[in-house]
Amino acid sequence: MEQRELQQLVQRLSIEAFGKPFKHEARFNARLRTTGGRYKLLDGSIEINPTVIELYDMEELVGIIKHELCHYHLHQEGKGYRHGDADFKKLLRETGSPRYCKPLGKITGKPKKIHLYQCKSCRLEYRRKSKMDVRKYRCGKCAGEIVLLQ
């Protein structure tokens, strides 16, 4: 699907589901990682994550677009457009829009390495996300010396 086709789809869904025109820009944004789409308050545009098309069917894409159109139309009318607002929840129900999108399955960043330390005296293990300077710390149980295992 191209940008032009996305724009046409958003405009068509806006008329069909909301009875109001979508007058701004709809575009794909490949930098979105954790969300299926977003409505930008400053310029009124809607951005859609292209991963949605790769992973799911057209029904999921339509759901995400309708969700973002709920934000759009409520904001344009000066009503409560945020997820927690009653106006937003009501419009979601009325239009059959989903509250959340399905997981996108992309790994955000690389897995964190866990550093394993152990006390020389009592053998108590310490797991840490970040490295620590073993010369500055002692065991909390017996005050023994701590060494890095991995």
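Here, the structure is the one placed above.
These remarks concern the structure in this document.

The rules behind the values
Residues numbered from 1 in each chain as written. Predicted model: local features only at pLDDT ≥ 70, side-chain atom pairs only at ≥ 80, totals over all residues. Heavy atoms only, no water. Phe/Tyr/Trp six-rings, centres within 6.5 Å; stacked < 30°, edge-to-face > 60°. Helix = DSSP H or I, 4+ residues; strand = E, 2+ residues; numbered from the N terminus. Buried < 20%, exposed > 50% of the residue type's maximum accessible area, 1.4 Å probe, protein only. Pairing = 2+ DSSP bridges. Axes fitted to C-alpha atoms, helices over the stretch in contact; angles between N-to-C directions. Polar contact = N/O pair within 3.5 Å; in protein donor to acceptor, adjacent residues only side chain to side chain. Salt bridge = Lys/Arg side-chain N within 4 Å of Asp/Glu carboxyl O. Core = buried A, V, L, I, M, F, W, Y, C linked by side-chain atoms within 4.5 Å. Contact = heavy atoms within 4.5 Å.

1. Section: the packing of aromatic side chains
One pass over the full model with this rule turns up two aromatic pairs. With centroids separated by 5.8 Å and ring planes inclined at 85 degrees, the aromatic side chains of Tyr39 and Tyr72 adopt a geometry described as edge-to-face. Taken as a pair, Tyr39 in strand E2 (residues 37-39) and Tyr72 in helix H3 (residues 58-76) lie far apart in primary sequence, 33 residues in all. The residues Tyr39 and Tyr72 share a single accessibility class, namely buried. Among the aromatic residues, ring-to-ring pairing joins Phe22, Tyr39 and Tyr72 into one connected group.

2. Quick word on the sheet that holds strand E4 (residues 115-119)
The strand order E5-E4-E6 describes an open sheet built from three strands, whose pairing is antiparallel. The open sheet has two edge strands with one neighbour each: strand E5 (125-128) and strand E6 (146-148). Averaged over all neighbouring strand pairs, the angle between strand axes comes to 30 degrees, with direction disregarded. With four bridges connecting them, E4 and E5 associate as antiparallel partners. Note on E5: the bridge partner recorded for Leu116 is Arg127.

3. Describing the side chain of His67
Mapped onto the fold, His67 is located in helix H3. With a relative accessible area of 8%, His67 lands in the buried category. Reaching out from His67, the side chain makes a polar contact with the backbone oxygen of Pro98 at a distance of 2.8 Å.

4. Structural notes on the pattern of salt bridges
Counted under the stated rule, the structure contains 13 salt bridges. Arg135 is paired through a salt bridge with Asp133; the nearest N and O atoms lie 3.1 Å apart. Overall, the relative accessible area of 24% leaves Asp133 in the partly exposed class. Within the structure, one salt-bridge network assembled from shared partners comprises Glu25, Arg27, Arg38, Lys40, Asp43 and Glu47.

5. Thoughts on the nonpolar core
Leu6, Val10, Phe22, Ile46, Ile48, Ile65 and Leu69 are the most contacted members of the largest nonpolar core, which totals 24 residues. Elements with a minimum of two residues in this core: helix H1 (3-18), strand E1 (26-28), strand E3 (46-48), H3 and helix H4 (86-95). Here this core takes seven residues from H3, the largest share from any one element. Not counting the four nearest positions on each side in its chain, Leu6 is found in contact with Met1, Ala26, Arg27, Phe28, Ile48 and Ile65. In this structure, Tyr117, Tyr126, Cys139 and Ile146 belong to the second largest nonpolar core, which totals five residues.

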